[in-house]
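Structure at a glance
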Amino acid sequence: MQTGNLHPNIGVISDCALQRHMIQKALSNYGLHIALSCDPVNFQDQDTGKIEQVVCWILVLENEDFESDAINALIEQTDVPVLFGLGKAPNKYDELYISWERRLLSKLEELIGKVNIFESESSVLSLHKQINEPSETSISLHTEDTSVFISQQRKLEAPKSTKPKHLASQVWVLAASLGGPGAVKRFLDRIPENIKASFLYAQHIDSHFSHVLTQVLGRHSNLDLLALENDYPLYDGEVRVVPVEHEVRFSSGKTHITKKPWRGPYGPSIDHLLKNMMDDLDETFNLIVFSGMGNDSAMMAPAMQKAGCQIWTQRPDTCASASMPQTIIDMQCSDYTDTPEGLADAFIKYVGRHTDVSPSANISMRNDHISTEPDVDQATKEDPDGV
């Protein structure tokens, strides 16, 4: 995937303080820096040093009759692109807000190139170093062609458990972006191997490092953490990593990896995955949203909620980047929020464990109806009347 500036400096000019605030908040969700934000009346008085840092301007005027030589000169110059005509930002609780925020990012990327919200290679390798025992595993990075060479005595490509497998009792999507691997690992490390659930892990990450992800996160987990395979049924106690570059569909109780790319700027597209699951599965599935930039998963959250799916979120103050779970919470679509460890403990009580030795022949990949609540402190439940 093409990559661009990690943290470009953006300038915001608007004659409405609320619009400036909403644009700044949306940009910060994607890790963009605001070099300057002001009313057009005061633009000519701004610090020259800050103006020179700006790589793209966003201009939103409610007063279309406003005239200013400084603003006219800004529009006419060709050194720094100016984005205007975006339209007024909707209220963040409005159904149109998510689409507006994504349109803002899309228009910006047309002018400045791809904005990278991926989990960085350095942070994934850093997580590996924190948990790695040198005698068992080593990872070296070849920076010239960005390929990763992995050598292990303990291979994670094969399933750990030799016990009979149960077809998925419930399917849960683990959605994450920046800061996600560490949070998801904390969650998975507490889940027992006999859990009555199957996981699909959708993580925004560069495709070159997706295989490193399975090595790192599976290091201390009781579960099998493996790449998703084509024409493969989902089993309880397995975490299947969704491919970065290819769309996944579901039919006849199996996953199907297509040759089509995901829709949207980042892979895997979590909303696209959720939409396919809504279309392809006859029964509900569920979602846990962990740390991440942007708002991927938010587009499908209201439809999932109406369909009876459970949506849980990592507590924003425990996230490296809180934008993804915070968006779900702001939309009042989160059924439960907690730390990764708290989510895991509640999850175990919520879905239960297998106690029989052999799998039931009647279990399908479809999610059984969930009728119980997590046995946890209700103070951490989302307030249905507000955020």
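Residues numbered from 1 in each chain as written. Predicted model: local features only at pLDDT ≥ 70, side-chain atom pairs only at ≥ 80, totals over all residues. Heavy atoms only, no water.

**Examining the overall build of the protein chain**
Filter applied, for reference: For helices the rule is a DSSP run of H or I covering at least 4 residues; for strands it is a run of E covering at least 2, with both sets numbered from the N terminus onward. We call a residue buried when its accessible area falls under 20% of the maximum for its residue type, exposed when it is over 50%, and partly exposed in between, using a 1.4 Å probe and counting protein chains only. Contacts are residue-level and defined by heavy atoms, with any inter-residue pair within 4.5 Å sufficient. Note on areas: these come from Shrake-Rupley sampling with a 1.4 Å probe, and a residue is covered only by the protein chains present in the view.
On a plain count of helices and strands, the protein chain comes out with eleven helices and 16 strands. Residues classed as buried in the protein chain amount to 51% of the 387 residues present. Considering only intrachain contacts with a sequence separation of at least 6, the fraction spanning at least 24 residues in the protein chain is 73%. Total accessible area computed for the protein chain in this model is approximately 17800 Å², and 48% of it derives from carbon and sulfur atoms.

**Remarks on unusual backbone geometry**
Across the junction of Gly-267 and Pro-268, the peptide omega takes the value -10 degrees, indicating a cis bond. Counting through the fold element by element, Pro-268 comes out in the loop between strand 13 (254-257) and helix 8 (270-280). Its identity as a non-glycine residue notwithstanding, Asp-231 has a phi of 55 degrees, on the positive side. Within the element layout of this structure, Asp-231 appears in the loop between strand 9 (224-227) and strand 10 (232-233). One non-glycine residue, Gln-332, lies in the positive phi region at around 60 degrees. Structurally, Gln-332 is set in the loop between helix 10 (323-330) and strand 16 (336-338).

**Some words on the side chain of Ser-198**
The condition is simple: Polar contacts, as used here, are pairs of N or O atoms within 3.5 Å; protein pairs need one atom able to donate a hydrogen and one able to accept it. Residues neighboring in sequence count only if both atoms are side-chain atoms.
Relative to the elements of secondary structure, Ser-198 occurs in strand 8 (residues 198-203). You can call Ser-198 buried: its relative accessible area is 1%. Polar contacts involving the side chain of Ser-198 include one to the main-chain carbonyl oxygen of Tyr-235, which spans 3.0 Å. Among all residues touching Ser-198, those that are not within four sequence positions of it are Ala-168, Gln-170, Val-171, Trp-172, Leu-234, Tyr-235, Asp-236 and Glu-238.

**Things to note about the environment of Pro-243**
With respect to the secondary-structure elements, Pro-243 resides in the loop between strand 11 (238-241) and strand 12 (248-251). Look at Pro-243 and you get buried, because its relative accessible area is 18%. On a C-alpha basis, the gap between Pro-243 and Ile-205 in space is 9.9 Å, while along the polypeptide they are 38 residues apart. For Pro-243, the residues in contact, after removing those within four places along its chain, are Leu-228, Val-248, Ile-257, Trp-262 and Pro-268.

**So, the packing of helix 1 (residues 17-29) against helix 4 (residues 97-112)**
As a reminder of what qualifies: Throughout, an axis means a line fitted to C-alpha atoms (over the contacting stretch in the case of helices), and angles, computed between N-to-C directions, take values from 0 to 180 degrees. Here the angle decides the label: under 35 degrees means roughly parallel, over 145 means roughly antiparallel, 65 to 115 means roughly perpendicular, and every other value means oblique. Side-chain classes follow a simple rule in which Ala, Val, Leu, Ile, Met, Phe, Trp, Tyr, Cys and Pro form the nonpolar group, Asp, Glu, Lys and Arg form the charged group, and the remainder, Gly included, forms the polar group.
Where helix 1 contacts helix 4, the axes come no closer than 10 Å and their chain directions differ by 70 degrees. One element, helix 1, and the other, helix 4, form an angle in the roughly perpendicular class. Together, Met-22, Ile-23, Ala-26, Leu-27 and Asn-29 of helix 1 and Tyr-97, Trp-100, Glu-101, Leu-104 and Leu-108 of helix 4 make up the contact between the two elements. Looking at the contact of helix 1 with helix 4 residue by residue, the class counts come to eight nonpolar, one polar and one charged.

**Some words on the packing of helix 6 (residues 180-188) against helix 11 (residues 340-351)**
The condition that has to hold: By definition, any crossing whose near helix is turned counterclockwise from its far helix by less than a right angle is left-handed, and any crossing with a clockwise turn is right-handed.
Their axes nearest at 8 Å, the elements helix 6 and helix 11 cross at an angle of 35 degrees. Note that helix 6 runs across helix 11; the crossing there is right-handed. When helix 6 is examined against helix 11, the residues Ala-183, Arg-186 and Phe-187 are found in contact with a partner set consisting of Pro-340, Glu-341, Leu-343, Ala-344 and Phe-347. When grouped by side-chain class, the residues that make up the contact of helix 6 with helix 11 number six nonpolar, no polar and two charged.

**Comments concerning the sheet that holds strand 12**
As a reminder, the rule being used: Pairing between strands requires that DSSP locate at least two bridges from one strand to the other.
Strand order across the open sheet formed by three strands is 10-13-12, with antiparallel pairing between neighbours. Two strands lie at the open edges of the sheet, namely strand 10 and strand 12, each paired on one side alone. As judged from the four bridges shared by strand 12 and strand 13, these two strands associate in the antiparallel manner. Pairing of Arg-249 across the sheet is with His-256, part of strand 13.

**Concerning the environment of Val-242**
Within the fold, Val-242 resides in the loop between strand 11 and strand 12. For the pair formed by Val-242 and His-204, sequence separation is 38 residues and the distance between their alpha carbons is 9.8 Å.

**A few points about the pairing of strand 7 (residues 171-176)**
Burial analysis of strand 7 places six of its six residues in the buried class, the great majority of the element. Residues Val-171, Val-173 and Ala-175 line one face of strand 7 and the alternating positions Trp-172, Leu-174 and Ala-176 line the opposite face, and both faces are buried. As paired strands, strand 7 and strand 8 are joined by six bridges and run parallel to one another. Bridging across to strand 8, Val-173 finds its partner in Leu-200. Pairing geometry for strand 7 and strand 14 (residues 286-289), over four bridges, is parallel. Counted as the bridge partner of Trp-172 is Asn-286 from strand 14.

**Digging into the packing of aromatic side chains**
Both the distance between ring centres and the angle between the ring planes are used here to describe each pair of aromatic rings. Threshold: Classification of ring pairs uses Phe, Tyr and Trp, with its six-membered ring standing for Trp, and accepts pairs whose centres are within 6.5 Å; under 30 degrees between planes counts as stacked, over 60 as edge-to-face, and the remaining range as tilted.
Evaluation of the coordinates by the stated rule reveals 13 aromatic pairs. Relative to Tyr-235, the ring of Tyr-232 lies with its centre 5.7 Å away and its plane at 75 degrees, an arrangement referred to as edge-to-face. Tyr-232 sits in the buried class, given a relative accessible area of 13%. With a relative accessible area of 19%, Tyr-235 lands in the buried category.

**Concerning a negative patch on the surface**
Test applied: Each patch is built from residues lacking any salt bridge and having more than 30% relative accessible area; the joining distance is 9 Å for like charges and 5 Å for nonpolar side chains (Val, Leu, Ile, Met, Phe, Trp, Tyr). Any Lys or Arg side-chain nitrogen located within 4 Å of an Asp or Glu carboxyl oxygen qualifies as a salt bridge. For this count, His and the chain ends are skipped, Lys and Arg are scored as positive, and Asp and Glu as negative. To locate a charge, the coordinates of NZ of Lys, CZ of Arg, CG of Asp or CD of Glu are taken.
The grouping of Glu-64, Asp-65, Glu-67 and Asp-69 at the surface amounts to a negative patch. Looking at where Asp-69 falls in the secondary structure, it is placed in helix 3 (residues 69-76). Judged by its relative accessible area of 68%, Asp-69 falls in the exposed class.

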